[in-house]
Amino acid sequence: MRNFIALAMVALLPLAVCAQDKAPKTIHIGFYGESAYDCAEKLAEQLGAKLHLHDLDEETLDAPCWLVRDEVTPQAAASLFAIAAGYQVSLDASTSTLHVYQPGVSVGDARVKGYDVSVLSGRFVEYVNNYGAPAVAQRPNEAPEPERTAAQHLADALDEILYDPRGGDSEPSVVGDRLLFTASEQGHARVREALDILVAEHGGESEALRVERTVIERLKAAEFSAEIERTPVASVLTAICKAAALGIVLGPDLAEVAVEEHIDFPHKKGTSALAALKQLTAQMAAQDLPIDISVREGTLVADLAGRSSSRGYRVYDVTELLKKLDASYQRQRTAPGKDEGFDGDVRRAGGNRVVLDSLEELLDEVHQGEHATCICFGTRLVVRGGCDAVDAATNILKEMGWEESGN
Amino acid sequence: MSRLFVSLASVMVVLAMATPARSEPKTERTVNCVYPGEVLASALNDFAGQLGYRFEPGDMDEAFELESMIWVHAKGVSPAAAAELISASGGVRVSIDDANRQVLVAEDNEDAPSATGVRSFKTDKLCQVYTEYQKRYGTISEAGLEPDMLYRPTATEELRSALEEILQLGDSAPGSAIGKRLVYTRSVEDLDRIGELLRVMESAHGGESSQLQVDRAYRGKLAKLQSNFGGEGTLVSALLWQLFKDCDVPVYVDHAQMESFDLEYDTTAITLDNAHSHYDALLGLAREQGFFVDCKHGALRIHEDFFVGSSSFRVFDVSDVLAELEKDYADLKTDDKVHEGFHGDLRSEGGVQVIVDALSTQLDNAGFSPLLRAYGPRIAVVGGMDVVDRAAEILEAMGWQPAGAGEGEGK
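Below is a summary of the structure that appears in this document. (Residues numbered from 1 in each chain as written. Chains lettered and ligands numbered in written order. Predicted model: local features only at pLDDT ≥ 70, side-chain atom pairs only at ≥ 80, totals over all residues. Heavy atoms only, no water.)

1. Some words on the sheet that holds strand β4 (residues 92-97) of chain B
Residues and elements named next belong to chain B.
So, point 1. Taken in spatial order, the 3 strands line up as β2-β5-β4 in an open sheet, and their pairing is mixed. This sheet does not close on itself; its edge strands, each paired only once, are β2 (54-56) and β4. Sheet twist, expressed as the mean angle between neighbouring strand axes with direction ignored, is 25°.
So, point 2. By the bridge criterion, 3 bridges tie β2 to strand β5 (residues 102-107) in an arrangement that is parallel. Among the inter-strand pairings, Phe55 is bridged to a residue of β5, identified as Val103. (Pairing = 2+ DSSP bridges. Helix = DSSP H or I, 4+ residues; strand = E, 2+ residues; numbered from the N terminus. Axes fitted to C-alpha atoms, helices over the stretch in contact; angles between N-to-C directions.)

Written out as structure tokens, the structure reads:
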């Protein structure tokens, strides 16, 4: 007991109770290469919140952070800081606490929700019955592959559509035609949005992609004339964004390099900020530093190619295209048993894989393959990536015979 | 007013049930166990002193266990309950020898025989529930296996396995399955736990164990407490003391968890303020330090492993969900002979295991890995209130609906 009292007395020394100021509506953030720990402390102070690190400490949060943004809401600030630091960050407004977690762990505010996917599952069953490739005959002594239900195929598709390399690792569960996710409110909003777009008659674009389009328009409209010599890459990127009154956040892998790497950036005076950005990314790619650009919270996100976590995607309904292909394969059938003849149909050609495989090949041809992920779920085709990749995919699909509907 | 009285009365009844029934009509003594980070030997001396007895370490005179720390805070409890809590926190077996006016301590040996009794439990009703489940949803055995390679227990044998898993009864003193009857020779406490679990499992809509109800009552008390405490470098031990010192909720830190804590150095970022309750802080501390909270021996237990024998559980009846899933999987069937097709049904997907797997995954996603065990359409979730309530939330997301009030939910 005496031991304990002594310990408790020591612990009481740093007793500090601070009245929390009312949280601000918007803040200005300017982190120019300070350590993630210092930035986290500074951000928490600006937000009038306590900082709570989960299984992290000052030593692990030592990578440089680059994040510049005016007039940002507290929740958006936390979201942007998550990108800059490369960790999961959540702001709990009820307890005024800024939480920082390792990637892949479940966060404190995660709740479970079940989603009824019977409509999408029904459509998938219909697709498989109409266009599904014939089952491959099982070889002797070969174990049969486990069958998967439509809802399980949908869970796989959602996993790819919503994948976030630095987010939580929350595995969905499939129970009949329900999908269960344990996620934060923001995570659930993304699941709901994806399901809504997948079920919409003509598919559609995610909100993130629409926001990216507006940011691209701003970059296109802004003029960039700054003279730049021997300047860190991070500063050049920031200057271009500043010309369009945009904020910027660098992913942690790029920040490590871009804070140190100095470049000359000769460019034509009066060029658009978008053109300058493209010129800079081309210049960096030539110097073996390929950069991916995306948008989050209305802020430009730059990271090393392959590390970005663009949340933009577009869902295409390819039902009519599959019908056309079915008809065209039927027309191309020849009499059976002829040399150079064709006795197949769209089923045997692979169903939706006919469209998907061609799309992936052609995106590669126009150098957009590495910026896009193509996912098929029955008659729904999803292209995940930035505006350029999605627009390239749209053009390719149109050339295949897909027609834009009234969405 | 009458409702308030009824609620208070219910809590009193539940709390009364929680106190281990070690009736000592001769002397209705109580003791105060205030040992937050106390050396075991010192705590036992104090305990014996409160009884007017002598602490006799016996063969453990030189044992290192006596020098290790325990964490118990339980005021006004019976000597028997105090002995249980000190034992659980110290990883030893403490007993009271009234005849010789001694407090004794021995190594905690699970195989050692304790006071035993024999009891027989009729299981007709549960066996029927299981058999009906198996007939409708049971997995069909894989073709090609020799009949003698398949484990095909009777409903009673399967029930015995379920009880042993849920209550973590251990390998010693197994039960016997005779027709539709289970017979056990174990301690009275174990026999009571088995009886309670069978009653809850048999109930039409499942229900909760008495210790889980005590858990709810205790957490309710913590939820009413608020204070300002903590800051940079606060010791975990100091925060635990602050959380419980002004509360009449008995609490102890399990022995295995005591070995994980370093009470002299472990610090916490959790602070207390008047906007949040002590219960919020306890959950925050549990998440930060990676421990769990449930109820055992009539006290809140802070522990690190659900598989160490808990008395806190809830049994859910998922018959309606299974019936719905049976229809769902029928809808998900595709035509024959198509690639990516599905030709199975709920049976081929694993029956109730579909629900258990999803429950396990989603609980894991939320940071919990409790013990789950199905027996036909009944699923037992072992853990404290936060775990069990989270499980209910997940089951609701699957389409399960709690039974209406007054329908014997047992809640």
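2. Observations concerning the packing of helix α5 (residues 155-167) of chain B against helix α6 (residues 188-202) of chain B
Residues and elements named next belong to chain B.
So, point 1. Across the interface, α5 lies against α6 with an axial gap of 11 Å and an inter-helix angle of 115°. With respect to the hand of their crossing, α5 and α6 are arranged in right-handed fashion. The segment α5 lies against α6, with Leu159, Leu163, Ile166 and Leu167 engaging Arg193, Ile194, Leu197, Leu198 and Met201.
So, point 2. Here the contact of α5 with α6 is built from residues that sort into 8 nonpolar, no polar and 1 charged. (Left-handed = near helix turned anticlockwise from the far one by under 90°. Contact = heavy atoms within 4.5 Å. Nonpolar A, V, L, I, M, F, W, Y, C, P; charged D, E, K, R; others polar.)

3. Re the packing of helix α7 (residues 210-223) of chain B against helix α14 (residues 385-397) of chain B
Residue and element names in this part refer to chain B.
So, point 1. Direction vectors running N to C along α7 and α14 enclose 105°, while the axes themselves pass 10 Å from each other. By the angle between their directions, the pair α7 and α14 is classed as roughly perpendicular. Contact residues: Leu212, Asp215, Arg216 and Arg219 in α7; Met385, Asp386, Val388 and Asp389 in α14.
So, point 2. Among the residues making up the contact of α7 with α14, the classes are represented as 3 nonpolar, no polar and 5 charged. (Parallel < 35°, antiparallel > 145°, perpendicular 65-115°, else oblique.)

4. Topic: the environment of Ser42(B)
All names here are of chain B.
So, point 1. Here Ser42 lies in helix α2 (residues 40-51).
So, point 2. Ser42 sits in the partly exposed class, given a relative accessible area of 32%.
So, point 3. Expressed as a C-alpha distance, the spacing of Ser42 and Phe55, which sit 13 residues apart in the sequence, is 9.7 Å. (Buried < 20%, exposed > 50% of the residue type's maximum accessible area, 1.4 Å probe, protein only.)

5. Points about the pattern of salt bridges
So, point 1. Taken as a whole and judged by the stated rule, the model has 39 salt bridges over all chains.
So, point 2. Where Glu320(A) meets Lys323(A), a salt bridge forms, and the shortest distance between an N and an O atom there is 3.3 Å. Within this pair, Glu320(A) and its partner Lys323(A) are both found in helix α11 (residues 319-331), separated by 3 residues, close to a single helical turn.
So, point 3. The structure contains a network of salt bridges with shared partners spanning Glu208(B), Arg216(B), Arg314(B) and Asp389(B). (Salt bridge = Lys/Arg side-chain N within 4 Å of Asp/Glu carboxyl O.)

6. Quick look at the sheet that holds strand β8 (residues 178-183) of chain A
So, point 1. Strand order in this open sheet of 3 strands is β6-β8-β7 (chain A), and the pairing throughout is antiparallel. Of all the strands in the sheet, the pair left with one neighbour each is β6 (111-116) and β7 (173-175) of chain A. Shown here is a sheet whose adjacent strand axes are inclined to one another by a mean of 25°, direction ignored.
So, point 2. By the bridge criterion, 6 bridges tie β6(A) to β8(A) in an arrangement that is antiparallel. Counted as the bridge partner of Asp116(A) is Arg178(A) from β8(A).
So, point 3. Strands β6 and β8 of chain A of the sheet are contacted by α14(B), whose axis makes an angle of about 15° with β6(A).

7. Considering the side chain of His276(B)
So, point 1. Counting through the fold element by element, His276(B) comes out in the loop between β12 (267-268) and α10 (278-289).
So, point 2. Accessibility expressed as a relative area gives 18% for His276(B), which makes it buried.
So, point 3. Ignoring anything within four residues of it in the chain, the contact list for His276(B) reads Ser94(A), Thr95(A), Leu225(B) and Gln226(B).

8. As for the pairing of strand β16 (residues 371-375) of chain B
Residues and elements named next belong to chain B.
So, point 1. With respect to burial, β16 is a largely interior element, 5 of its 5 residues being buried.
So, point 2. Going residue by residue along β16, you find Leu371, Arg373 and Tyr375 tucked away on one face and Leu372 and Ala374 tucked away on the opposite face as well.
So, point 3. Of the pairings in the sheet, the one linking β16 to strand β17 (residues 378-382) comprises 5 bridges and is antiparallel in character. Looking at the pairing, Ala374 lines up with Ile379 of β17.
So, point 4. The antiparallel pairing of β16 with β17 creates a hairpin that spans 2 residues between the two strands, and Gly376 there sits at a positive phi of about 60°.

9. Regarding a negative patch on the surface
So, point 1. On the surface, a cluster of negative charge is contributed by Asp38(A), Glu41(A), Glu45(A), Asp57(A), Glu58(A), Glu59(A), Asp62(A), Glu256(A), Glu260(A) and Glu232(B).
So, point 2. Tracing the backbone through its elements, the reader meets Glu45(A) in helix α2 (residues 36-47). (Patch = residues over 30% accessible without salt bridge, like charges linked within 9 Å, V, L, I, M, F, W, Y side chains within 5 Å. Areas by Shrake-Rupley, 256 points an atom, 1.4 Å probe, with all protein chains shown as cover. Lys, Arg positive; Asp, Glu negative; His and termini not counted. Charge placed at Lys NZ, Arg CZ, Asp CG, Glu CD.)

10. What about the nonpolar core?
So, point 1. Within the largest apolar cluster, 125 residues are counted, with the highest numbers of intra-cluster contacts made by Phe244(B), Val318(B) and Leu359(B).
So, point 2. With near-sequence residues (within four places) excluded, Leu359(B) lies in contact with Leu372(B), Ile379(B), Val381(B), Ala391(B), Ile394(B), Leu395(B) and Met398(B).
So, point 3. Of all hydrophobic cores here, the second largest spans 35 residues; its members include Ala234(A), Ile263(A), Phe265(A) and Leu274(A). (Core = buried A, V, L, I, M, F, W, Y, C linked by side-chain atoms within 4.5 Å.)

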